[in-house]
Amino acid sequence: MLSSTSIAELAENLRRLQSGTPDAEIVRWLRAASPDAAKIPVPIACDPKRSYSRTLLYKSAAFEILVIHWRPGCVSAIHDHGGAHCWLAVSDGTMHVDNYVRKDSGKEEGYAALRLEGREHLTAGGIDYRNDDVHLHRCATSAAPATTLHVYAKPISRFNAFDEKTYAISEIVSAYDADLT
């Protein structure tokens, strides 16, 4: 199981880094810790409107660490990360990631034109990274469940979901199904 020592070590290393985004440090930690994330139990109660659950492992003013359990056949909305940097590591199973880019200027409220840039299939150990709100993604599982470990460089309280057909944007409030802090 992910130890509080392992999470505390990452937290301390992130605090000590003074400039730039500590990509290499986070990727190193994700590679080492992601197999243990699959051992974290799925929360008993979760939001019935979602086909995934979010378990908080650590949160500070600078970042948060989550485990997400995805049910078989789950498909997320196309989404950004509320201005946060996002690292996702597949701990167990397979994730299909559709990558989108915003084609519009972002100045018209409630509107976003999107273009599909490509698709990735990530298996255990695979990592996805987002560093802006122009490069968006949609995540999906196959017929089997999956578990992912996430580091957000700044906690996400709100983010946007995008409809590729109507170009509408919906604001989503982040919530946790379990808190192991």
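Right above here is the structure, for reference.
Caption draft 1: A look at the overall build of the chain. Each helix and strand counted, the chain has two helices and twelve strands in total. Its helices and strands in sequence order give the chain the pattern α-α-β-β-β-β-β-β-β-β-β-β-β-β, from N to C terminus. Across the chain, contacts joining residues at least 24 apart in sequence account for 74% of those joining residues at least 6 apart. Total accessible area computed for the chain in this model is approximately 9,100 Å², and 52% of it derives from carbon and sulfur atoms.

Caption draft 2: Spatial organisation of the packing of aromatic side chains. The tally for this structure, following the rule as stated, stands at four aromatic pairs. Both rings, one in tyrosine 52 and one in tryptophan 70, keep their centres 5.1 Å apart while their planes meet at 35 degrees; by these two values the pair is tilted. Pair noted here: tyrosine 52 is in strand β1 (residues 52-59) and tryptophan 70 is in strand β2 (residues 64-70), with a separation of 18 residues, a long-range link. Ring centres of tryptophan 87 and tyrosine 129 lie 4.8 Å apart, and the angle between their planes is 35 degrees; on these two criteria the pair is classed as tilted. In this pair, tryptophan 87 sits in strand β4 (residues 85-92) while tyrosine 129 sits in strand β7 (residues 127-130), placing the two residues 42 residues apart along the sequence.

Caption draft 3: Inspection of the environment of alanine 32 at higher detail. Here alanine 32 lies in helix α2 (residues 23-37). Residue classification places alanine 32 among the exposed residues on the basis of a relative accessible area of 54%. Note: C-alpha distance between alanine 32 and glycine 125 (93 residues apart in sequence) is 9.1 Å.

Caption draft 4: Expanded view of the pairing of strand β8 (residues 135-141). Taking burial as the measure, the seven residues of β8 include six buried ones, the bulk of the element. In terms of strand pairing, strand β5 (residues 94-102) meets β8 through seven bridges, oriented antiparallel. Looking at β8, one finds that methionine 95 is bridged to threonine 141.

Caption draft 5: Just unusual backbone geometry, in detail. The phi dihedral of lysine 154 is positive, around 115 degrees, even though this residue is not glycine. Assignment of secondary structure puts lysine 154 in the loop between β9 (146-153) and β10 (158-162). By relative accessible area, lysine 154 is classed as partly exposed at 37%. Of note, tyrosine 167 is a non-glycine position whose phi angle comes to about 65 degrees, a positive value. In this structure, tyrosine 167 sits in the loop between β10 and β11 (169-173). Overall, tyrosine 167 belongs to the partly exposed group, its relative accessible area being 33%.

Caption draft 6: Molecular detail of the side chain of arginine 50. Note on placement: arginine 50 falls in the loop between α2 and β1. On the basis of relative accessibility, which here comes to 14%, the residue arginine 50 falls in the buried class. A distance of 3.1 Å separates a polar atom in the side chain of arginine 50 from the backbone oxygen of tyrosine 52. Dropping the residues within four chain positions of it, arginine 50 is found in contact with Arg71, Ala175 and Asp177.

About the thresholds
Residues numbered from 1 in each chain as written. Predicted model: local features only at pLDDT ≥ 70, side-chain atom pairs only at ≥ 80, totals over all residues. Heavy atoms only, no water. Helix = DSSP H or I, 4+ residues; strand = E, 2+ residues; numbered from the N terminus. Contact = heavy atoms within 4.5 Å. Areas by Shrake-Rupley, 256 points an atom, 1.4 Å probe, with all protein chains shown as cover. Phe/Tyr/Trp six-rings, centres within 6.5 Å; stacked < 30°, edge-to-face > 60°. Buried < 20%, exposed > 50% of the residue type's maximum accessible area, 1.4 Å probe, protein only. Pairing = 2+ DSSP bridges. Polar contact = N/O pair within 3.5 Å; in protein donor to acceptor, adjacent residues only side chain to side chain.

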